[in-house]
Amino acid sequence: MASTMFESVQRDGSVTAELRLRHTNGTYVWFELTATDLLDDPNVNGVLLNARAIDDRKAAEELLLRSEARFKARFRTTATWFSS
């Protein structure tokens, strides 16, 4: 993954990826990682990495997906009832 991400940074200037890492206590934590090519900036001369935990966002996305699935199931049942 690291080499692919580095290639994307070289080509596009920056790239963002989501990854899940295992904590030393055994739990998993979701992160959003952004790499930005600053090799042309003489003050940096490197690739800047920014990481932030996105557990709350991932949990909200999962709740939304479950809610949407329940809504679709109810709609299909209701639509069938009305069309009969």
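What this report covers is the structure whose coordinates are included nearby. Predicted model only: the values in this text are computed from it and were never measured. (Residues numbered from 1 in each chain as written. Predicted model: local features only at pLDDT ≥ 70, side-chain atom pairs only at ≥ 80, totals over all residues. Heavy atoms only, no water.)

## Concerning the pairing of strand S1 (residues 14-22)
Two elements, S1 and strand S2 (residues 28-38), share nine bridges in a ladder whose sense is antiparallel. Paired with Thr16 across the two strands is Thr34, which belongs to S2. What sits between S1 and S2 in their antiparallel hairpin is a turn of five residues, with Gly26 showing a positive phi close to 95°. (Pairing = 2+ DSSP bridges. Helix = DSSP H or I, 4+ residues; strand = E, 2+ residues; numbered from the N terminus.)

## Some thoughts on the nonpolar core
Listed in full, the seven residues of the largest apolar core are Met5, Val9, Val15, Ala17, Leu19, Leu33 and Ala35. At the level of elements, helix H1 (2-12), S1 and S2 are the ones that each hand at least two residues to this core. Of the residues forming this core, the biggest block, three residues, is contributed by S1. When residues no more than four places from it in sequence are discounted, the contact partners of Val15 are Met5, Ser8, Val9, Leu33, Thr34 and Ala35. (Core = buried A, V, L, I, M, F, W, Y, C linked by side-chain atoms within 4.5 Å. Buried < 20%, exposed > 50% of the residue type's maximum accessible area, 1.4 Å probe, protein only. Contact = heavy atoms within 4.5 Å.)

## Considering the pairing of S2
As judged from the eight bridges shared by S2 and strand S3 (residues 46-53), these two strands associate in the antiparallel manner. Opposite Thr36, over in S3, you have Leu48 as the bridge partner.

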